[in-house]
Amino acid sequence: MSELPTLPVTFRPRSTRVVLLTAAVAIFVVITAVAMLLKQLSPGERVSFVFTALLLDVVLLLLARPKVVVDEDGVTVVNLTNKRRLEWAEILQVTLRAGDPWVFLNLSDGTSLPALGIQPGLARQRAVADARALRALVEARSAADPEGRQG
């Protein structure tokens, strides 16, 4: 097993995030410029153009939000609209199978939590490396505290 990452560590889909944030800025600039350049638009119509650009940007910013933050006490999974804090003992397994859109955390309560912060989309090798690092951290924590994992 390779060396564990130094905690705290944040995993997020960097390439996807760069594309989304760049698109958000570009969309806002272009739509706002079009609104200002079209002389036949009323002030209210211009405002509606800018408001539409802001709504599109909100969607893109939500898509860029996912991350997985790992620290000494556990894991925080931030997905599109929700955030969940997990203790180490709650995580039984980290999986990223071929074809999976993101990592899944199998939990001690029998459920599975998607962790969108590690997704193979634009950078598959990076996602696989991040999933392995997270898996190694979970395994190291479970070996260090086997009592806490008994539920």
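About the cut-offs
- Residues numbered from 1 in each chain as written.
- Predicted model: local features only at pLDDT ≥ 70, side-chain atom pairs only at ≥ 80, totals over all residues.
- Heavy atoms only, no water.
- Pairing = 2+ DSSP bridges.
- Helix = DSSP H or I, 4+ residues; strand = E, 2+ residues; numbered from the N terminus.
- Axes fitted to C-alpha atoms, helices over the stretch in contact; angles between N-to-C directions.
- UniProt positions renumbered as here; feature names shortened; annotations may be inferred.
- Domains from an automatic or database assignment.
- Contact = heavy atoms within 4.5 Å.
- Buried area = accessible area lost by both parts, 1.4 Å probe.
- Salt bridge = Lys/Arg side-chain N within 4 Å of Asp/Glu carboxyl O.
- Polar contact = N/O pair within 3.5 Å; in protein donor to acceptor, adjacent residues only side chain to side chain.
- Nonpolar A, V, L, I, M, F, W, Y, C, P; charged D, E, K, R; others polar.
- Expected span 1.5 Å × (residues − 1).
- Buried < 20%, exposed > 50% of the residue type's maximum accessible area, 1.4 Å probe, protein only.
- Core = buried A, V, L, I, M, F, W, Y, C linked by side-chain atoms within 4.5 Å.

Draft legend 1. The sheet that holds strand β6 (residues 103–107), seen in detail. Read across the sheet, three strands follow the order β5-β6-β7 without closing on themselves; strand pairing throughout is antiparallel. The strands lining the two open edges of the sheet, one partner per strand, are β5 (91–95) and β7 (112–115). The average undirected angle you get between the axes of adjacent strands in this sheet is 25°. Where β6 lies against β7, four bridges are found, and the strand directions are antiparallel.

Draft legend 2. Spotlight on the UniProt feature "domain: Low molecular weight protein antigen 6 PH" (unreviewed entry) in the protein. Taking the numbering used here, the UniProt-annotated feature "domain: Low molecular weight protein antigen 6 PH" (unreviewed entry) corresponds to residues 65–135. Spanning residues 65–135, this segment combines 17% helix with 41% strand, and its end C-alpha atoms are found 22 Å apart.

Draft legend 3. Spotlight on the domain arrangement of the protein. The domains assigned to the protein are domain 1 (9–13 + 66–144) and domain 2 (14–64). Look at where the C-alpha atoms of domain 1 and domain 2 centre, and you get two points 32 Å apart. Listed per partner, the contact involves 10 residues of domain 1 and eight residues of domain 2. By the criterion of area lost to domain 2, the three top residues of domain 1 are Arg12, Pro13 and Leu122, representing 52% of everything that side buries. Across the contact surface, domain 1 and domain 2 share zero salt bridges. The tally of links between domain 1 and domain 2 comes to four residue pairs in polar contact (both at pLDDT 80 or more). Across the side of domain 1 that touches domain 2, the residue classes break down as five nonpolar, two polar and three charged.

Draft legend 4. Fine view of helix α1 (residues 14–37). The end-to-end C-alpha distance of α1, which contains 24 residues, comes to 34 Å, matching closely the 34 Å that a straight helix rising 1.5 Å per residue would cover. Within the sequence span of α1, burial applies to Thr16, Leu20, Ala24, Thr32 and Ala35. Looking at the buried positions of α1, the neighbouring elements they touch are α2 (43–63).

Draft legend 5. Quick peek at the nonpolar core. Ranked by internal contacts, the top residues of the largest apolar core, which has 24 residues, are Val70, Leu105 and Leu134. Among the secondary structure elements, those contributing two or more residues to this core are β1 (9–11), β2 (67–71), β3 (74–78), β5, β6, β7 and α3 (124–144). Here this core gets six residues from one element, more than from any other, and that element is α3. The contacts of Val70, once residues within four sequence positions are left out, are Leu7, Pro8, Val9, Phe11, Val75, Trp88, Leu134 and Leu137.

Draft legend 6. Examining the UniProt feature "transmembrane region" (unreviewed entry) in the protein more closely. With numbering matched to this structure, UniProt assigns "transmembrane region" (unreviewed entry) to residues 20–38 and 47–64. Secondary structure across residues 20–38 divides into 95% helix and 0% strand, with the first and last C-alpha atoms of the span separated by 27 Å. Secondary structure within residues 47–64 divides into 94% helix and 0% strand; the distance between the first and last C-alpha atoms comes to 25 Å.

Draft legend 7. The arrangement of the pattern of salt bridges in detail. Enumeration according to the criterion identifies five salt bridges in this entry. Asp130 is the partner of Arg126 in a salt bridge, and the nearest nitrogen-oxygen pair spans 3.4 Å. Of the two residues, Arg126 and Asp130 both sit in helix α3, four residues apart, roughly one turn of that helix. Taking the relative accessible area as the measure of exposure, Asp130 reaches 7% and is therefore buried.

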